[in-house]
Amino acid sequence: MILSDGLRAAGASVRLWFSPARIRAEGSTPDYRFSLANERTFLAWLRTGLALVGGGFAVDQFLPRLHGNLRVSFTVVLLAGGALCALRAVNHWVRCERAMRRGEDLPTSRFPAVLALAVGGLAVAVAVLALIGWTV
């Protein structure tokens, strides 16, 4: 029962991504400066996602001597991180827009901290492996 309620709520959230008119119908229109700031944040998250995707391709292309399975793992982690970042961007944009229209507090998230730790850890791992020359 709890799982189906969670899936139903997730489905409703995803449908809002493609229906800006439904978001606009909620509450009252916030100050345009706040909506534009929310949009700039959304675009910044998309740029971060694109950078992660680019980093994944860079690891695959520019570290060819790195152990094959490890290189592929780093590549996949970066590509998946970029995809998650893009999905999180639209989800966060919708949640913030709804909160502003309803006069609620803006939603908080652990995602930025988790992303920062994951990217930092991956960068340190790649740097150490490149420095010690762990190759095939």
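Presented here is a report on the structure given in the accompanying data block. Remember, it's a predicted structure, so these values are computed and weren't measured experimentally.

Definitions and cut-offs
Residues numbered from 1 in each chain as written. Predicted model: local features only at pLDDT ≥ 70, side-chain atom pairs only at ≥ 80, totals over all residues. Heavy atoms only, no water. Helix = DSSP H or I, 4+ residues; strand = E, 2+ residues; numbered from the N terminus. Rg over C-alpha atoms; globule rule 2.2 N^0.38 Å. Contact = heavy atoms within 4.5 Å. Areas by Shrake-Rupley, 256 points an atom, 1.4 Å probe, with all protein chains shown as cover. Salt bridge = Lys/Arg side-chain N within 4 Å of Asp/Glu carboxyl O. Buried < 20%, exposed > 50% of the residue type's maximum accessible area, 1.4 Å probe, protein only. Expected span 1.5 Å × (residues − 1). Axes fitted to C-alpha atoms, helices over the stretch in contact; angles between N-to-C directions. Parallel < 35°, antiparallel > 145°, perpendicular 65-115°, else oblique. Left-handed = near helix turned anticlockwise from the far one by under 90°. Nonpolar A, V, L, I, M, F, W, Y, C, P; charged D, E, K, R; others polar.

**Focus on the overall build of the chain**
Then, in step 1: Each helix and strand in the chain was counted, giving 5 helices and 0 strands.
Then, in step 2: Taken from N to C terminus, the helices and strands of the chain fall in the order α-α-α-α-α.
Then, in step 3: Its C-alpha atoms give the chain a radius of gyration of 19 Å, more than 25% over the compact-globule value 14 Å for 136 residues.
Then, in step 4: Overall size of the chain, expressed as C-alpha extent along the three principal axes, is 60 × 40 × 20 Å.
Then, in step 5: The contacts of the chain with a sequence gap of at least 6 include a subset with a gap of at least 24, amounting to 72%.
Then, in step 6: Counting every atom, the chain has about 9100 Å² of accessible surface; 68% of that belongs to carbon and sulfur.

**Some points on the pattern of salt bridges**
Then, in step 1: Applying the stated criterion across every chain, the model contains 5 salt bridges.
Then, in step 2: Notably, a salt bridge pairs E26 with R98, separated by 3.1 Å at the nearest N-O pair. Within this pair, whereas E26 is found in the loop between α2 (20–24) and α3 (32–62), its partner R98 is found in helix α4 (residues 68–102), the two being separated by 72 residues in sequence.
Then, in step 3: Overall, R98 belongs to the partly exposed group, its relative accessible area being 22%.
Then, in step 4: For R33, the salt bridge identified is with D31, shortest N-O distance 2.4 Å.
Then, in step 5: For D31, a relative accessible area of 31% corresponds to the partly exposed category.

**Structural notes on α4**
Then, in step 1: Counted at 1.5 Å a residue, the expected span for α4 with its 35 residues is 51 Å, and the 51 Å between its end C-alpha atoms agrees.
Then, in step 2: Once α4 finishes, G103 follows within two positions and takes phi at roughly 75°, a positive value.

**Things to note about the packing of α4 against helix α5 (residues 111–132)**
Then, in step 1: One way to put it is that α4 packs onto α5 with a least axis distance of 12 Å and a crossing angle of 160°. If you check the angle between α4 and α5, you find them roughly antiparallel. In this structure, the crossing between α4 and α5 has a hand that is left-handed. Contact with α4, carried on its side by L70, F74, V77, L78, L84, C85 and R88, involves F111, L115, L122, A125, V126 and L129 of α5 and no other residues of that element.
Then, in step 2: Residues belonging to the contact of α4 with α5 are distributed by class as follows: 12 nonpolar, no polar and 1 charged.

Note that all results are geometric; they support no functional claim without further evidence.
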